[in-house]
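# Residue-level structural notes
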Amino acid sequence: MMRSTLLTGCIAVLAAAQLQAQIARDVAPFVSVNAPVVVLNHATVIDGTGAAPKEDQAVVIADGKIQSIGPAASVQAPAGAQVLDRSGYSLIPGLVGMHDHLYYTDSYSVQLGDQGEVGEPGLFVAEIPYTAPRLYLAAGVTTMRTTGSLEPYTDLKVKKRIDEGQMPGPATDASAPYLEGPHTRFSQMHELTGPDDARRLVDYWASEGMTSFKAYMNITRDGLGAAIEQAHAHKMKLTGHLCSVTWPEAIAFGIDDLEHGPVFSDTEFVADKKPDLCPQGAGRANGWSTIAVDSPEVRELIRNLVSHHVSVTSTLPVFEASVPLRPKLQSRVMQAMSAESAQSYLRARARISATSPMASLIKKEMDFEFAFVKAGGLLLAGPDPTGNGGVLPGFGDQREVELLVEAGFTPVETIHIATENGAAYLGRLDSIGTIAAGKQADMVLIKGDPSKNIEEIEKVETVFKAGIGYDSGKLIESVRGQVGIR
């Protein structure tokens, strides 16, 4: 038994040493922990399952995986291991960002005016393939879904370089370009001509290496149904930020996930809603204004979602950015932006009307998400770093977790939503999403205890991805003043 244990340990050490030698030049400056065997000692473990935190634990990492977890007093460190005393720290699973992007929307504000009109001045998009992956990883996002692409070949190249260890960043579920219908506002998006075109696009991007799909606001019912069927034929999933198609219609077609929550994207309660058309103006804005979350209609929507196993992705930060006087300005966010991006965001923020209904709408969305989970629904988490430019990659993922606590979830429940739930949706729960022996060592080391104070989720020291520890502070410093440029 002793000989077998020693042999296993030697193999793990050799494999880890080979991995250590392969760290690329552009990645090495950010690596802070890369010993063959590492013991994180005396940390509090919040394992992502929703179970109560366990204090004073020792977590052993080798060969990119979690080898064991147990009380620090009873775990003997393997010979030659790097032992790090992390008293006063917590470990959570790597965040699974389920609505992340590799582009930045600068000078773009979506606001609700005094009369309920939807103001959308335009979209000016900069792909940020350098800064976004670094910020995601720095914030603890070890796996992400891009949830709609505007520069698909750039996104695929970034995914490839991360997978090959040539650049720092999360493992990526790369979503194909938006599946959009006629009359889109965005020049970057192809307008589907019908069901055959939808099938063609799904087939093409699946062959190019995309692993998921997203339908957008003007897609028709026929186009959506065809796209879902074709995605499922490739054993891939499709989500939607909808408007022209209502949530019940999409559920009937077999959609896998719905973005943003219904308060901001389900048009079933809009008066005189016309089939296949996205309502405009006050009607669209006011669709949910008179509907109560505990009404029979909303209870039926939740029942419909849960019974058909349709997930909902919470993206509270992008909506908070249009609430007057929210969020509070953070120096780390402003310092990461380019000067032009910071100025653009501050101008957009200043234009938010003091009488905007966004505060009440986001509260209603929070109430819906809480009710959905309590009814057995699978809630996913992501910030959608778009909108008026104030939601940044990574920092927005942390803010999403904080806002879910504001919505009524406990910190432990929220960490579960942001980790295990995303892994379950992606079909990767056997390897990521929780802290458990045998799983990939994707973990976030935090100074403090976010189970007691959720804002301490921002105090990331080290992010472990496949057992390699990355220095969060160095990653953030490397993009200072560059978000919006590259």
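In case you missed it, the structure is sitting above this.
In this report, the structure presented in the accompanying data block is examined. (Residues numbered from 1 in each chain as written. Predicted model: local features only at pLDDT ≥ 70, side-chain atom pairs only at ≥ 80, totals over all residues. Heavy atoms only, no water.)

## Structural notes on the overall build of the protein
- Helix and strand counts for the protein come out as 16 helices and 21 strands.
- A compact globule built from 486 residues would reach a C-alpha radius of gyration of about 23 Å, and the protein, at 22 Å, matches this within 12%.
- The dimensions of the protein, computed from C-alpha atoms along their principal axes, are 75 × 45 × 45 Å.
- Counting across all 486 residues of the protein, residues that qualify as buried make up 58%.
- For the protein, long-range pairs separated by at least 24 residues make up 75% of all intrachain contacts whose partners lie at least 6 apart in sequence.
- Across the protein, the centroid of the 42 positively charged side chains sits 4 Å from that of the 57 negatively charged ones. (Helix = DSSP H or I, 4+ residues; strand = E, 2+ residues; numbered from the N terminus. Rg over C-alpha atoms; globule rule 2.2 N^0.38 Å. Buried < 20%, exposed > 50% of the residue type's maximum accessible area, 1.4 Å probe, protein only. Contact = heavy atoms within 4.5 Å. Lys, Arg positive; Asp, Glu negative; His and termini not counted. Charge placed at Lys NZ, Arg CZ, Asp CG, Glu CD.)

## Remarks on the nonpolar core
- In this structure, Phe 213, Leu 224, Leu 238 and Leu 305 are the most contacted members of the largest nonpolar core, which totals 98 residues.
- The leading source of residues in this core is helix α13 (residues 358–374), at 6 residues.
- Leave out the neighbours within four places in its chain, and Phe 213 touches Ala 176, Leu 179, Val 202, Trp 205, Ala 206, Ala 231, Met 236, Lys 237, Leu 238 and Thr 239. (Core = buried A, V, L, I, M, F, W, Y, C linked by side-chain atoms within 4.5 Å.)

## Quick word on the pattern of salt bridges
- This structure, assessed with the given rule, holds 21 salt bridges.
- One salt bridge connects Asp 257 with Arg 145, and the closest N-O pair in it is separated by 2.9 Å. Linking Asp 257 in strand β16 (residues 257–259) with Arg 145 in strand β12 (residues 141–145), this pair joins segments that are 112 residues apart in sequence.
- The class for Asp 257 is buried, based on a relative accessible area of 0%.
- When its relative accessible area of 2% is taken as the criterion, Arg 145 is described as buried. (Salt bridge = Lys/Arg side-chain N within 4 Å of Asp/Glu carboxyl O.)

## Here we look at the pairing of strand β4 (residues 65–71)
- Where strand β3 (residues 54–62) and β4 come together, 6 bridges link them in antiparallel fashion. Directly across from Gln 57, in β4, lies its bridge partner Pro 71. (Pairing = 2+ DSSP bridges.)

## Side note on the sheet that holds strand β17 (residues 311–314)
- One open sheet accounts for 5 strands, arranged β14-β15-β16-β17-β18; its pairing is parallel. The sheet terminates laterally at β14 (212–215) and β18 (379–381), the two strands that pair on one side only. Taken pair by pair, the neighbouring strands of this sheet meet at an average axis angle of 30°, ignoring direction.
- Sheet analysis places strand β15 (residues 237–240) next to β16, joined by 2 bridges and oriented parallel. Its bridge partner lying in β16, Gly 240 is registered against Leu 258. (Axes fitted to C-alpha atoms, helices over the stretch in contact; angles between N-to-C directions.)

## Let's talk about the sheet that holds strand β13 (residues 171–173)
- Ordered in space as β7-β12-β13, the 3 strands form an open sheet in which the pairing is parallel. Among the strands making up the open sheet, the edge pair consists of β7 (95–97) and β13. Averaged over neighbouring strand pairs, the angle between their axes works out to 20° when direction is ignored.
- Relative to β13, β12 runs parallel, the two being bridged by 3 bridges. Looking across to β13, one finds that Met 144 is bridged to Thr 172.
- Each of β7, β12 and β13 is contacted by helix α15 (residues 411–426), which is oriented at about 55° to β7, the strand it contacts most.

## A few points about the packing of helix α14 (residues 395–406) against α15
- In contact at an axis separation of 9 Å, α14 and α15 are set at 135° when each is read in the N-to-C sense. When the interaxial angle is binned, α14 and α15 end up oblique. Crossing geometry of α14 relative to α15 is assigned as right-handed. Side by side, α14 and α15 meet where Val 401, Leu 404 and Val 405 of the first sit next to Pro 411, Thr 414, Ile 417 and Ala 418 of the second.
- Looking at the contact of α14 with α15, its residues break down into 6 nonpolar, 1 polar and no charged. (Parallel < 35°, antiparallel > 145°, perpendicular 65-115°, else oblique. Left-handed = near helix turned anticlockwise from the far one by under 90°. Nonpolar A, V, L, I, M, F, W, Y, C, P; charged D, E, K, R; others polar.)

## Focus: the state of the cysteines
- Here the structure, examined in full by the defined rule, presents 1 disulfide.
- The side chain of Cys 243 participates in a disulfide bridge whose partner is Cys 278; the two sulfur atoms lie 2.0 Å from each other. Here Cys 243 and Cys 278 share a disulfide; its torsion about the S-S bond, 80°, makes the bridge right-handed. With Cys 243 in the loop between β15 and α6 (247–253) and Cys 278 in the loop between α7 (262–265) and α8 (281–285), this residue pair connects regions lying 35 residues apart in the sequence. Comparing Cys 243 with Cys 278, the two get one shared label, buried. (Disulfide = S-S within 2.5 Å.)

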